[in-house]
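# Descriptive structure summary
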Amino acid sequence: MEVAVSYLKSKYDTKTTLKLIENTSANYIHVDLMDGGFVPRRNFEVDDVIKLLSGTNKDLDIHLMAFDPIIYVEELAKLKPTYITFHVEATHDIVNTIERIKWNNIKVGLSIKPNTDILELMPYLSLVDLVLIMSVNPGLGGQEFMVDTVNRVNNLIKIREENKLNFKIEVDGGINEDTIKNVLGVDMVVSGSYVCMSDNFEDAVNKLRLN
Ligand code: DX5
Ligand code: ZN
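Here we summarise the structure given alongside this text. (Residues numbered from 1 in each chain as written. Chains lettered and ligands numbered in written order. Predicted model: local features only at pLDDT ≥ 70, side-chain atom pairs only at ≥ 80, totals over all residues. Heavy atoms only, no water.)

## Looking at the packing of aromatic side chains
Applying the stated rule across the entire model yields 4 aromatic pairs. The lysine or arginine in question, Arg42, covers the ring of Phe44, its NZ or CZ lying 5.1 Å from the ring centre. Over the face of the ring belonging to Phe167 we find Arg160, whose NZ or CZ atom lies 5.7 Å from the ring centre. (Phe/Tyr/Trp six-rings, centres within 6.5 Å; stacked < 30°, edge-to-face > 60°. Lys NZ or Arg CZ within 6 Å of the ring centre and 35° of its normal.)

Pasting the structure below:
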């Protein structure tokens, strides 16, 4: 299973946290971008994110928690991220947003909040590379894993099999060495505070990767 580490909640400042993540065996830096509308807090200006992350030696997994995600795509593409993921609840322009991301040669992820019906994803599943299932309400690091995620993940795995689709499944929120046991069938996990509040980032990443 691949591991993406979010630097949203850390015991170190952002730059130190990023260096520490770079020195681990994690597969991706998970970049949580919040617009202060789709979720209450705002934590980015695009220019600052580009300055902060250009030159990083890790692949980037961008998670846009923002309304009208299409408006950020061209700028964020400068970072050459592996994935840009946006929320099914965040726009009526889902197909255009998917196409804009693909046009920039970036893999597309579609994310879904805990209370949104998985079936909302159905029309888009053949178009995306990744589905990011939120296992907490988006907006904050350090929340508790929601157990109902297990059913949602299993439903999605079944839908993927039945329709012979190839998208990856990623789970985000409250993942630690215990809760990861609930989602062993997924392809990628995001972990933030479990890694970045720990004394040894690589030890924490390794405990996740063993699964
Ligand atoms: C929540 C973010 C998550 C979060 C993960 O809005 O999308 O990526 O930072 O952090 P932990 O692992 O602390 O829940
Ligand atoms: Zn995230």
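Picking up where we left off.
## So, the coordination of the zinc ion (ligand 2)
Coordination sphere of the zinc ion (ligand 2), protein contribution only: His30 (NE2), Asp32 (OD), His63 (ND1) and Asp172 (OD), at 2.1 to 2.3 Å. Note that the zinc ion (ligand 2) binds 6 donor atoms; their angles at the metal cover 71 to 171 degrees, and the shape is octahedral. Mapped onto the sequence, the donors of the zinc ion (ligand 2) take the spacing H-x1-D-x30-H-x108-D. Of this pair, Asp32 sits in strand β2 (residues 28-34) while His63 sits in strand β3 (residues 59-65); the two residues are 31 residues apart in sequence, bridging distant segments of the chain. (Donors = N, O, S within 2.8 Å, 3.2 Å for Na, K, Ca; no water. Tetrahedral: all angles 85-135°; square planar, octahedral: opposite > 155°, others 65-115°. Helix = DSSP H or I, 4+ residues; strand = E, 2+ residues; numbered from the N terminus.)

## A word on the layout of surface pockets
Its boundaries defined by the atoms lining it, the largest pocket holds a volume of some 160 Å³. For the largest pocket, the full set of lining residues is Tyr7, Leu8, Thr14, Asp32, Leu33, Asn43, Phe44, Glu45, Asp48, Val49 and Leu52. Mapped by element, the contributors of at least two residues to the lining of the largest pocket are β2 and α2 (46-53). Per-element accounting of the lining of the largest pocket gives the leading share, 3 residues, to α2. Its residues assigned to classes, the lining of the largest pocket shows 6 nonpolar, 2 polar and 3 charged. (1 Å grid on protein atoms, 1.4 Å probe; cavity = no way out; pocket = protein on both sides within 12 Å on 5 of 7 lines; lining within 4 Å. Points joined across faces, edges and corners; volume = space filled by probe spheres on them. Nonpolar A, V, L, I, M, F, W, Y, C, P; charged D, E, K, R; others polar.)

## Side note on helix α4 (residues 94-103)
An α-helix turns once per 3.6 residues; consequently, residues spaced three or four apart project the same way. Taken together, the buried positions of α4 are Ile94, Thr97, Ile98 and Ile101. Buried residues of α4 fall within an arc of 100 degrees about the axis and therefore sit on the same side. On the buried face of α4, the contacting elements are α3 (70-76), β4 (83-87) and β5 (107-112). (Buried < 20%, exposed > 50% of the residue type's maximum accessible area, 1.4 Å probe, protein only. Arc of directions from axis to C-beta. Contact = heavy atoms within 4.5 Å.)

## Examining α2
Inspection of α2 places Val46, Val49, Ile50 and Leu53 among the buried residues, and these make up the whole buried set. For α2, the angular spread of the buried residues around the axis is 100 degrees, confining them to a single face. More than 90 degrees from the buried face of α2, the exposed residues found are Asp47 and Lys51. After α2 finishes, the residue Gly55 shows a positive phi value of roughly 95 degrees.

## Concerning the nonpolar core
Core analysis: the biggest nonpolar cluster contains 60 residues, and Val31, Leu121, Leu156 and Val195 have the highest contact counts within it. With residues near it in sequence (within four places) discarded, Leu121 still touches Val88, Leu110, Ile112, Val131 and Leu156. Listed in part, the 6 residues of the second largest apolar core include Ala4, Tyr83, Leu130 and Val190. (Core = buried A, V, L, I, M, F, W, Y, C linked by side-chain atoms within 4.5 Å.)

## Side note on the site of ligand 1
Around ligand 1 lies a shell of 19 residues, among which Gly139, Gly142, Asp172, Gly192 and Ser193 are the nearest. His30 places a polar side-chain atom, nitrogen or oxygen, 3.3 Å from an oxygen atom of ligand 1. Note that an oxygen atom of ligand 1 is positioned 3.2 Å from one of the side-chain N or O atoms of His63. Here ligand 1 loses 99% of its free accessible area of 380 Å² to cover by the protein chains. Comparing atom positions with the cavity grids shows ligand 1 to sit within the largest cavity. When residues of the shell around ligand 1 are traced back to their parent elements, those giving at least two are β2, β3 and β8 (188-191). The class makeup of the residues in the shell around ligand 1 is 6 nonpolar, 11 polar and 2 charged. (Near = heavy atom within 4 Å. Polar contact = N/O pair within 3.5 Å; in protein donor to acceptor, adjacent residues only side chain to side chain. Areas by Shrake-Rupley, 256 points an atom, 1.4 Å probe, with all protein chains shown as cover. Sits in = over half its atoms within 2 Å of the grid points.)

## Structural notes on unusual backbone geometry
A positive phi angle, close to 60 degrees, is found at Asn105, a residue other than glycine. Inspection of the secondary structure puts Asn105 in the loop between α4 and β5. Judged by relative accessible area, which is 74%, Asn105 ranks as exposed. Phi is positive for Lys164, which is not a glycine, with a value near 50 degrees.

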